[in-house]
Every structure is written in structure tokens, then in C-alpha cells.
Amino acid sequence: MMSTLTIEYPSEVLWALQQEPDEFEADARLLLAVKLYETGRLSTGLAAQLAGVPRSAFVFLLSRYGLSPFGQSPDELEEDLADARHTSHS
């Protein structure tokens, strides 16, 4: 079952963002999905459905916002990898 959310916004938002209504609405859906994922309230699968994109695309898009599908930031993953390499050579 699908539900609908309607959000009113002033036309000035479109002007400020230099976007067409369909572009803004797609971005708003994506940003809502990303935030709900970031706060741990939705899985990548449900967030992707909310964003209206395939899960694989959503996982890819997370990096745009500095997020990881593994629950860590990309920097944290790099640090973990570096630590693992250092530990394995000791």
C-alpha cells in the first residue's frame, strides 16, 4: 500500500534553487530518505523506495552526502582499513 505526502512550498524555493518542480520534488524525496536512513529510522531498501530509486542507486547516492551503507562514514571505513592493515603487519 502506498500513501501520499503533500508539502506546500513557496514558489520562491524553486527560484532560489534554480529547479523545476519535478526536480525539486525528486530532490526532496531523496533528502528525506537520506535523512531517515542517516538517523537509523529506515533501512537502505525502504529509504530507496521512498526516494523512488533502486536500492543499488540509493547506496551509491549515499556517498554524495558523506554516508555509508555500512553504518559508518567513508572516512571511518578508511581508518578501519588502515588500522587493519597496520595490525596485520605487526
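It should be noted that the structure appears before, not after, this text.
Scoring rules and cut-offs
- Residues numbered from 1 in each chain as written.
- Predicted model: local features only at pLDDT ≥ 70, side-chain atom pairs only at ≥ 80, totals over all residues.
- Heavy atoms only, no water.
- Phe/Tyr/Trp six-rings, centres within 6.5 Å; stacked < 30°, edge-to-face > 60°.
- Helix = DSSP H or I, 4+ residues; strand = E, 2+ residues; numbered from the N terminus.
- Buried < 20%, exposed > 50% of the residue type's maximum accessible area, 1.4 Å probe, protein only.
- 1 Å grid on protein atoms, 1.4 Å probe; cavity = no way out; pocket = protein on both sides within 12 Å on 5 of 7 lines; lining within 4 Å.
- Points joined across faces, edges and corners; volume = space filled by probe spheres on them.
- Nonpolar A, V, L, I, M, F, W, Y, C, P; charged D, E, K, R; others polar.
- Arc of directions from axis to C-beta.
- Contact = heavy atoms within 4.5 Å.
- Axes fitted to C-alpha atoms, helices over the stretch in contact; angles between N-to-C directions.
- Parallel < 35°, antiparallel > 145°, perpendicular 65-115°, else oblique.
- Core = buried A, V, L, I, M, F, W, Y, C linked by side-chain atoms within 4.5 Å.

1. Remarks on the packing of aromatic side chains
Enumeration according to the criterion identifies two aromatic pairs in this entry. Measuring from centroid to centroid gives 4.6 Å for Y9 and F24, while their planes differ by 65 degrees, and the two rings are edge-to-face. Placement of Y9 in the segment before helix 1 (11–17) and of F24 in helix 2 (residues 21–38) is noted, with a sequence separation of 15 residues between them. Look at Y9 and you get partly exposed, because its relative accessible area is 27%. Relative to F58, the ring of Y37 lies with its centre 6.2 Å away and its plane at 85 degrees, an arrangement referred to as edge-to-face. Taken as a pair, Y37 in helix 2 and F58 in helix 4 (residues 55–62) lie far apart in primary sequence, 21 residues in all. Judged by relative accessible area, which is 12%, Y37 ranks as buried.

2. Looking at the layout of surface pockets
Estimated volume of the largest pocket: approximately 610 Å³. Lining of the largest pocket is provided by 17 residues; of these, L5, I7, R29, L32 and L50 occupy positions nearest its centre. Contributing elements (two or more residues each) for the lining of the largest pocket: helix 2 and helix 3 (44–51). For the lining of the largest pocket, the element with the highest residue contribution is helix 2, accounting for six residues. For the lining of the largest pocket, the per-class residue count stands at eleven nonpolar, four polar and two charged.

3. Topic: helix 3
Taken together, the buried positions of helix 3 are occupied by T44, A47, A48 and A51. The buried residues of helix 3 occupy an angular sector of 100 degrees when the element is viewed end-on, so they sit on one face. Elements that come into contact with the buried residues of helix 3 comprise helix 2 and helix 4. Where helix 3 terminates, the next one or two residues include G52, which has phi positive at roughly 80 degrees.

4. Let's talk about the packing of helix 2 against helix 4
The N-to-C vectors of helix 2 and helix 4 enclose an angle of 75 degrees; their axes lie 11 Å apart at closest approach. As the angle between them shows, helix 2 and helix 4 are arranged roughly perpendicular. Along the contact surface, helix 2 presents L30, A33, V34 and Y37, while helix 4 presents F58, L61 and L62. Classifying every residue of the contact of helix 2 with helix 4 by side-chain character gives seven nonpolar, no polar and no charged.

5. As for the nonpolar core
If you look at the biggest cluster of nonpolar residues, it comprises eleven residues: L30, A33, V34, Y37, A47, A48, A51, F58, L61, L62 and L67. Of all the secondary structure elements, the ones that give two or more residues to this core are helix 2, helix 3 and helix 4. It is helix 2 that contributes the most residues to this core, four residues altogether. Leaving out residues up to four positions away in the same chain, A47 has contacts with A33, Y37, L42 and F58.

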